[in-house]
Amino acid sequence: MKVINLHDLDGTDNDVDHGNWRSRRFVLARDGVGFSFHDTVLRAGTETEMWYANHIECVYVYAGKGTLVNRETGEEHPLAPGTMYLLDGNERHTVRVEEDIHCACVFNPPVTGREVHDEHGVYPLLTEETSPA
């Protein structure tokens, strides 16, 4: 069993600030459970282009307001508390943030925590030895 408070992650290697967003990672590849789990805040007034070519991501918005844009189709979807979106087709997408968006995110395969978006918004597929859950 693993129990962590969000603020236990503050200032650790699991606390990643990328300017437009801050992600605190509760569960990473090294935990060996087959997914990673993050609490992420996308900052108001920002626009972030992403493309998880190597991962499936599920996002649940629990606070804030913005718009999700599918760059492949042009479709726009409002983001507000209670909204979930699943990037199960490796869609290129943009998130436009009106009010800080707080969300819980799950990645499969799990991220290691060392990934950085490249110029296309892609996380590389990194692997890591795992420890028993």
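Look up: the structure comes first, before these words.
The structure presented is a predicted model; accordingly, all values stated were derived computationally and were not measured.

## Let's talk about the overall build of the protein
Reasoning step 1: Along its length, the protein carries zero helices and eight strands.
Reasoning step 2: The order of helices and strands in the protein, counted from the N terminus, is β-β-β-β-β-β-β-β.
Reasoning step 3: Classification of the 133 residues of the protein by burial places 43% in the buried group.
Reasoning step 4: Contacts spanning at least 24 positions in sequence make up 63% of the contacts within the protein whose residues lie at least 6 apart.

## Description of unusual backbone geometry
Reasoning step 1: Residues Asn108 and Pro109 are joined by a peptide bond in cis, for which omega reads -5°.
Reasoning step 2: If you trace the backbone, Pro109 turns up in the segment after strand E8 (92–108).
Reasoning step 3: In this structure, Asn90 is a non-glycine residue whose phi angle is positive, near 55°.
Reasoning step 4: Assignment of secondary structure puts Asn90 in the loop between strand E7 (84–87) and E8.
Reasoning step 5: The partly exposed category is assigned to Asn90, whose relative accessible area is 25%.

## Observations concerning the nonpolar core
Most often, soluble globular proteins keep nonpolar side chains buried together rather than apart.
Reasoning step 1: Within the largest apolar cluster, 19 residues are counted, with the highest numbers of intra-cluster contacts made by Leu42, Leu79, Tyr85, Val95, Ile101 and Cys103.
Reasoning step 2: Of all the secondary structure elements, the ones that give two or more residues to this core are strand E5 (56–70), E7 and E8.
Reasoning step 3: At six residues, E8 tops the list of elements feeding residues into this core.
Reasoning step 4: In contact with Tyr85, not counting residues within four places along its chain, are Glu57, Cys58, Val59, Leu68, Leu79 and Val95.

## Notes on the side chain of Asn70
Reasoning step 1: Positionally, Asn70 belongs in strand E5.
Reasoning step 2: Apart from the residues within four sequence positions on either side, Asn70 is in contact with Glu75, Glu91 and Arg92.

## Here we look at the pattern of salt bridges
Oppositely charged side chains are able to pair whenever their charged atoms sit close together.
Reasoning step 1: For the structure shown, the criterion picks out eight salt bridges.
Reasoning step 2: Ionic pairing is found between Arg22 and Asp15, a salt bridge with its closest N-O pair at 2.8 Å.
Reasoning step 3: Judged by relative accessible area, which is 17%, Asp15 ranks as buried.
Reasoning step 4: Residue Glu98 pairs with Lys65 through a salt bridge whose shortest N-O separation is 3.7 Å. Taken together, the positions of Glu98 in strand E8 and Lys65 in strand E5 put the pair 33 residues apart, joining distant regions of the chain.
Reasoning step 5: Relative accessible area serves as the criterion here: at 47%, Glu98 is assigned to the partly exposed category.
Reasoning step 6: Exposure remark for Lys65: the relative accessible area of 39% places this residue in the partly exposed category.
Reasoning step 7: Connected through shared salt-bridge partners, Asp10, Asp15, Arg22 and Arg24 make up one network.

Analysis parameters
Residues numbered from 1 in each chain as written. Predicted model: local features only at pLDDT ≥ 70, side-chain atom pairs only at ≥ 80, totals over all residues. Heavy atoms only, no water. Helix = DSSP H or I, 4+ residues; strand = E, 2+ residues; numbered from the N terminus. Buried < 20%, exposed > 50% of the residue type's maximum accessible area, 1.4 Å probe, protein only. Contact = heavy atoms within 4.5 Å. Core = buried A, V, L, I, M, F, W, Y, C linked by side-chain atoms within 4.5 Å. Salt bridge = Lys/Arg side-chain N within 4 Å of Asp/Glu carboxyl O.

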